[in-house]
There are 2 protein chains.
Amino acid sequence: MTHGSGSAGYPACMSGTDQKPGTGGGLSYAQAGVSIEAGDRFVEKIQSSLRRTHGPRVIHSASGFAGLFRLDFNEKLFKRNYREPVLVSCADGVGTKIKLATALNKYDTIGIDLVAMNINDLVVAGAEPLFFLDYIATGELDPAKLADIVKGIADGCVESGAALLGGETAEMPGVYGPGDIDLAGFAVGVVELARATDPERVEPGDVVLGLGSSGVHSNGYSLVNKIVESASLDLGMKYEELGGERTLGAILLEPTRLYADAIVRVQRGYKVKKVITGMAHITGGGLAGNLSRALHSGVDAVLDAGSWPVPPVFPFLQGHGGVSDEEMARVFNMGIGYCCIVRPTFAPSVAKKLDKLGHTVTRLGEIESGDGKVRLRG
Amino acid sequence: MTHGSGSAGYPACMSGTDQKPGTGGGLSYAQAGVSIEAGDRFVEKIQSSLRRTHGPRVIHSASGFAGLFRLDFNEKLFKRNYREPVLVSCADGVGTKIKLATALNKYDTIGIDLVAMNINDLVVAGAEPLFFLDYIATGELDPAKLADIVKGIADGCVESGAALLGGETAEMPGVYGPGDIDLAGFAVGVVELARATDPERVEPGDVVLGLGSSGVHSNGYSLVNKIVESASLDLGMKYEELGGERTLGAILLEPTRLYADAIVRVQRGYKVKKVITGMAHITGGGLAGNLSRALHSGVDAVLDAGSWPVPPVFPFLQGHGGVSDEEMARVFNMGIGYCCIVRPTFAPSVAKKLDKLGHTVTRLGEIESGDGKVRLRG
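Residues numbered from 1 in each chain as written. Chains lettered and ligands numbered in written order. Predicted model: local features only at pLDDT ≥ 70, side-chain atom pairs only at ≥ 80, totals over all residues. Heavy atoms only, no water.

K.L.:
I tried to follow the overall build of chain A on my own but got confused; where do I start?
P.N.:
Check the secondary structure of chain A and you find 11 helices and 15 strands. Every one of the 378 residues in chain A was classed for burial, and the buried ones make up 64%. Accessible surface for chain A amounts to roughly 13200 Å². Of this, 50% is attributable to carbon and sulfur atoms. (Helix = DSSP H or I, 4+ residues; strand = E, 2+ residues; numbered from the N terminus. Buried < 20%, exposed > 50% of the residue type's maximum accessible area, 1.4 Å probe, protein only. Areas by Shrake-Rupley, 256 points an atom, 1.4 Å probe, with all protein chains shown as cover.)

Encoded structure:
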């Protein structure tokens, strides 16, 4: 995490040195397009966002070169000590959904997408989320815009139970245009080795539960943007096919649903280890492409086609883009954002718990003997 | 970590679903500028790079949603079990040094910079590096170019003792131009709470040791690029002022020095906890801006100006850019890439150990009573 010229790392610590713009006739960093003052203002703005994600496990470091997080911590209600702790980590971005945020000039929810893309992957491993870091790159630092992005990241972290431990904001004139932004995120969690998800546990008879998505989530936006452009769709229009209440832009920018909190709660609720035998976060590759990753080579997941509700945004995009069914199923989540493979006796109670936690749950099908594929029937 | 259309996550797992380009008259992902086949080729190419960074603590996950790393592991020679483990994490990029790699069409060392920018920050906290993840974004996926970048990242990880646990490669047409690339990295390490670096430990009389940099490292490249452009410097030229042996481009692209391995070894070599009382990775903000972060408010670091060798690239850039002394010292490392604050009785032996491990060590000065500032004398 750098904290100096040309980039604003946080937790912030610029104290101890005066950072003034260069003076005199020669070249300075400011003339090279890098604003240290804007970086400082941004770092101040985001402090409250960071703080509301910090529990007692975050150790505040004065030097701020890196963020510190206590793995084992004797919290009031339960002692989290791991016998064989396995750290789980992943990196992801929001893809070209950021272009849509830019087009709509609305930046306060794309951070939720960033957290969701990472933390939803993390919990697939059976992990409890610990912390999150972000990387924001832009051509010209706009503190208000970036503070909105970090606010969304903090919202996603709070909802997922992860601390926003730090991040890096890079002002890179010449690599990015003035209004261009890219986002990447990185999540770390921990799982007790014996409780880590293992595809070998999936057995014929297990039930596949699907959790509803909030819409397109954060995959396939290059295709979404292409369809919007080629069909001259109006992001500000309230289309009848989409219910007529929200604009196309608002529907497309709807943040990715966060599944972490619900999944972690459900897993904690069972003393029996093997209630959930497999999970999948449905991203690029679609339902079949991602659910198959939860299977070993001796089983298939057999799903009832049409058993789950498909949000209207998908037929809308398909119709306006003339996209084939196969391409739609391969690029988009088509309404299911997360899957749990569950032992049959526990399926109704897991579904009920997830429903109580605010998720729309559909029984998609069952596991059968097979060769590691996802098959649709009906 | 997503693994599907539009992005290539790794460790790779595309099995179980056929990913064919869209067919028919409508729009497809490929037509939106996203090449899944190029993504697959890239993921294949980098497998060997990843594998050579993986020790026995990496758990190979078939599903590949996230990377798994055992925190406690009974290795042959010593058991790494932490009583109060604190995870240390940071995020950083290489800034606009990537533009130079693009200009020179040489991509096999910029990954070392990426690792160094992160892992050098990590060890400042007293941490042992555990693992690293990367994020590479580009306008058009060029598997050979990206495999070179990942090779450099793996080189840096091997040299730092970190596992390359995963990453995300995003193809984002429209956000990035076809040849444009951005890189971000994330590092995680662990430190026993009692051994974490703490500015409060720094005392008057402690000695400041400076470790030589390899050149500009990865900060200030917006200014470097501006100077190259405004002074019409030739990246292919072997300038006499720079020794006449290497081209300006090669000198500017020289990868950031990795300090992690040496710092971790030196720290392990002392049973006494408080031999090294503070450290600093010299990045944006320069020597004063970063070293001050290692101090508490009751001490100053008093350094002998001119006590360390300044690599010729700095006066060269200053001369051609007409940059003030203050701006140079604030933007660049000026020859010192890392500092250790050491108890005076141990300073000679720490310096000797670092020297044996291949670093150029200079005694820069001492800690005195003060108010948290870095002061130059002489």
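K.L.:
Help me out: how do you make sense of helix α3 (residues 110-124) of chain A in this one?
P.N.:
Residues and elements named next belong to chain A. For α3, which comprises 15 residues, the first-to-last C-alpha distance of 22 Å matches the rise-based estimate of 21 Å (1.5 Å per residue) to within 8%. Burial runs high along α3: 15 of the 15 residues are buried. Of the residues flanking the end of α3, it is glycine 126, one or two places downstream, whose phi is positive at about 90°. (Expected span 1.5 Å × (residues − 1).)

K.L.:
I'm lost on the domain arrangement of chain A in this one. Help?
P.N.:
Accessible area lost on assembly of the parts is the figure often given for the size of an interface. Residues and elements named next belong to chain A. Each domain of chain A was delimited in the assignment, giving domain 1 (2-195) and domain 2 (199-377). Carbon and sulfur atoms make up 61% of the area that domain 1 and domain 2 hide from each other, which totals about 2600 Å². Applying the counting rule to domain 1 against domain 2 returns one salt bridge. Arginine 268 is paired through a salt bridge with glutamate 128; the nearest N and O atoms lie 3.8 Å apart. (Domains from an automatic or database assignment. Buried area = accessible area lost by both parts, 1.4 Å probe. Salt bridge = Lys/Arg side-chain N within 4 Å of Asp/Glu carboxyl O.)

K.L.:
Would you mind showing me how to read the interface of chain B and chain A here?
P.N.:
With 104 residues of chain B at the contact, the number on the chain A side is 104 residues. Of all residues in chain B, the largest losses of buried area upon contact with chain A belong to Leu27, Phe65 and Arg293 of chain B, amounting jointly to 12% of the total for that side. The tally of links between chain B and chain A comes to two salt bridges. We note a salt bridge from glutamate 84 of chain A to arginine 70 of chain B, for which the minimum N-O separation is 2.8 Å. Residues that form the side of chain B that touches chain A fall into these classes: 51 nonpolar, 37 polar and 16 charged. Summarising the sheet, strand β6 (residues 85-93) of chain A and strand β3 (residues 67-70) of chain B pair through four bridges and their orientation is antiparallel. When the sheet's bridge partners are listed, valine 86 of chain A is paired in β3 of chain B with arginine 70 of chain B. (Contact = heavy atoms within 4.5 Å. Nonpolar A, V, L, I, M, F, W, Y, C, P; charged D, E, K, R; others polar. Pairing = 2+ DSSP bridges.)

K.L.:
Would you take a moment to explain the sheet that holds strand β12 (residues 299-304) of chain B for this structure?
P.N.:
Think of a sheet as strands paired side by side through backbone hydrogen bonds, with each pair either parallel or antiparallel. All names here are of chain B. Spatially, six strands are ordered β11-β13-β10-β14-β12-β15 in an open sheet, and the strand pairing comes out mixed. The sheet is open, and its two edges are formed by β11 (276-281) and β15 (374-377), each paired on a single side. Strand-to-strand, the axes of this sheet are offset by a mean angle of 30°, without reference to chain direction. Here five bridges tie β11 to strand β13 (residues 336-342), and the two strands are oriented antiparallel to one another. Bridging across to β13, histidine 281 finds its partner in tyrosine 338. Packed onto the sheet, helix α7 (residues 260-268) meets β11 and β13 and runs at close to 175° relative to β11. (Axes fitted to C-alpha atoms, helices over the stretch in contact; angles between N-to-C directions.)

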